[in-house]
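# Overview (structure and organization)
Below are the chains, spelled out letter by letter.
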Amino acid sequence: MKRLAVLALVIPLAAVADGKGSKPDVSKLPLPAARPVDFTKEVYPIFKESCFKCHGAEKQKGKYRMDTREGAFKVTEDHGPAIQAGKSEESAVIHMVAGLVDEMLMPPPSDKPGQSEKLTPEQIGILRAWIDQGAKWPDGPIAEFVKPVTFAGDIQPLFAKACAECHSGAGAKGSFSVESAAAVLKGGANYPKPVVAGDAKKSTLLAIVSGKDEDLPAPDRHKLAARQVELVEKWISQGAK
Ligand code: HEC
Ligand code: HEC
């Protein structure tokens, strides 16, 4: 009887170990960024935006807390080290953000649009490079770094993709062009000066890209993803430079 009980214990354990043995296929990972990566400016903001809601001071889903160094470097029970300094391809965090672990895509998908967006290949590349470069995490509290949002660096590329097909050149709809910061600030025939620098709430452009302006045609073409709306909002709040 005693022996049977021991066997019964051993078998399921072995089965579990085997099941987890199937290693994630790291050949599918986006490549690490080929440059030195700064933790405070580039990595921490990604964690903050996409992870702390569930793995921060308030909640620790899966008993994982990643706003502290001790917490972030946890060795998980089933998936190995969360962050293995020097080896991004052996770090569970990387496997999970890239969707290589069954049922463990991080952040987990959400039905609500804009609530939980997958990390981009570029963001995964930044995290990989940081880990490969030694996963340095400075001592003490993180000095939060606010990256300035600029027209040339952030807004123009976004509008070129989302708006330029209808809002550039001679036939720009509503005489509104996104070709330069000056043109955007000038506005169009019905919405002159759609940007109030420093005051996102008073800016009709923000209402338009948030999908809150129902008078415009093609509302789905005017509504940007939550992350992009946030970028436009930051650009305006920071003075629309
Ligand atoms: C909406 C909530 C949510 C967000 C946002 C989120 N996670 Fe998770 N995470 C979870 C839940 C829930 C679990 C536990 C899942 C399970 O065990 O089945 C988990 C588990 C994990 C684990 C495994 C921990 C362990 O000890 O097994 C890691 C690693 C992880 N998450 C990393 C991340 C990273 C990195 C991000 C941001 C890019 C992130 N998560 C964003 C909900 C979230
Ligand atoms: C598929 C074409 C299309 C796309 C893509 C599009 N728009 Fe428009 N937009 C229009 C049309 C049509 C109007 C109405 C023009 C009119 O009133 O004659 C308009 C009107 C506008 C106006 C008001 C112009 C004025 O003063 O009359 C603004 C501002 C604007 N769009 C911004 C944007 C932004 C920002 C984007 C990208 C996020 C975008 N649009 C994407 C077709 C488009």
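Residues numbered from 1 in each chain as written. Chains lettered and ligands numbered in written order. Predicted model: local features only at pLDDT ≥ 70, side-chain atom pairs only at ≥ 80, totals over all residues.

## Observations regarding the site of ligand 2
Counted only if it meets this: Here is the check we use: build the C-beta atom from the backbone, and if it is within 6 Å of the molecule or strand, call the residue near. Helix numbering and strand numbering both begin at the N terminus, where a helix is a DSSP run of H or I of at least 4 residues and a strand a DSSP run of E of at least 2.
Ligand 2 sits among 24 residues. The nearest are Cys163, Cys166, Gly174, Gly188 and Tyr191. At the level of elements, α7 (151-162), α9 (204-209) and α10 (219-222) are the ones that each hand at least two residues to the shell around ligand 2. Ranked by residues supplied to the shell around ligand 2, first place goes to α9 with three residues.

## Re the site of ligand 1
The test is simple: Note that Gly is not counted as nonpolar here; it falls among the polar residues with everything else outside the nonpolar set of Ala, Val, Leu, Ile, Met, Phe, Trp, Tyr, Cys and Pro and the charged set of Asp, Glu, Lys and Arg.
Close to ligand 1 lie 24 residues, the nearest being Cys51, Cys54, Gly62, Thr76 and Met106. Sorting the residues of the shell around ligand 1 by element identifies α3 (52-55) and α5 (92-97) as the ones contributing at least two each. The element contributing the most residues to the shell around ligand 1 is α5, with four residues. When its residues are assigned to classes, the shell around ligand 1 shows twelve nonpolar, six polar and six charged.

## Topic: the environment of valine 101
Using the following cut-off: Residues are defined as contacting one another if the C-beta atoms placed from their backbone atoms lie within 7 Å.
When you line up the elements, valine 101 lands in the loop between α5 and α6 (121-132). Residues valine 101 and lysine 23 lie 78 residues apart in sequence; the distance between their C-alpha atoms is 8.8 Å. Beyond its immediate sequence surroundings of up to four residues, valine 101 is in contact with Pro24, His79, His95 and Met96.

## Structural notes on the nonpolar core
Using the following cut-off: Put simply, a nonpolar core is a cluster of buried Ala, Val, Leu, Ile, Met, Phe, Trp, Tyr and Cys residues tied together by C-beta atoms within 7 Å. Neighbour density around each residue's C-beta defines its exposure: 20 or more other C-beta atoms within 10 Å make it buried, 12 or fewer make it exposed, and counts between make it partly exposed, where C-beta atoms are placed from the backbone.
Residues Val93, Ile94, Val97, Ile124, Leu127, Trp130 and Ile131 are the most contacted members of the largest nonpolar core, which totals 18 residues. Broken down by secondary-structure element, the contributors of at least two residues to this core are α2 (39-50), α5 and α6. Each residue touching isoleucine 94, except ones within four places of it in the same chain, is listed here: Leu29, Ser88, Glu89, Ile124, Leu127, Arg128 and Ile131. By size, the runner-up hydrophobic cluster in this structure holds 17 residues, among which are Cys163, Val184, Trp235 and Ile236.

## Observations concerning the environment of proline 121
Note that proline 121 resides in helix α6. The spacing of proline 121 and alanine 98 is 23 residues in sequence and 8.2 Å in space, taken between C-alpha atoms.

## Description of the packing of α2 against α6
A packed helix pair is summarised by two numbers, namely the angle formed by the two axes and the spacing between the axes. The line we're drawing: The angle between two axes is taken between their N-to-C directions and runs from 0 to 180 degrees, where each axis is a line fitted to C-alpha atoms and a helix contributes only its stretch in contact. Orientation categories follow fixed angle ranges, with anything under 35 degrees roughly parallel, anything over 145 roughly antiparallel, 65 to 115 roughly perpendicular, and all other angles oblique. What makes a crossing left-handed is the near helix being turned counterclockwise from the far one by less than a right angle; a clockwise turn instead makes it right-handed.
Put simply, α2 and α6 touch, their axes get as near as 10 Å, and they point 120° apart. In this view, α2 runs oblique relative to α6, as classed from their interaxial angle. Where α2 crosses over α6, the handedness of that crossing is left-handed. Where α2 approaches α6, its residues Phe39, Glu42, Val43 and Ile46 are matched on the opposing element by Gln123, Ile126, Leu127 and Trp130. Along the lines of polarity and charge, the residues of the contact of α2 with α6 split into six nonpolar, one polar and one charged.

## Brief notes about unusual backbone geometry
Residues methionine 106 and proline 107 are joined by a peptide bond in cis, for which omega reads -10°. Within the secondary structure, proline 107 is located in the loop between α5 and α6. With phi around 55°, serine 175 is a residue other than glycine that occupies positive phi space. Position of serine 175 among the secondary structure elements: in the loop between α7 and α8 (181-186). At alanine 240, a position not held by glycine, the phi torsion is positive, near 50°. Of the residues examined, alanine 240 has 22 C-beta atoms within 10 Å and is grouped as buried.

## Some details on the environment of histidine 95
Looking at where histidine 95 falls in the secondary structure, it is placed in helix α5. Between the C-alpha atom of histidine 95 and that of histidine 79, which follows or precedes it by 16 residues, the distance is 9.2 Å. When sequence neighbours within four positions are dropped, the list of residues in contact with histidine 95 reads Pro24, His79, Leu100 and Val101.

## Let's talk about the confidence of the model for the protein chain
Selection criterion: Note: pLDDT gives the predictor's confidence per residue, expressed from 0 to 100.
In this model, the protein chain carries an average pLDDT of 89, and 90% of its residues clear a pLDDT of 70 or more. For residues 5-19, every residue scores under 50 in pLDDT, and the model assigns this stretch zero contacts once sequence neighbours within four places are set aside.

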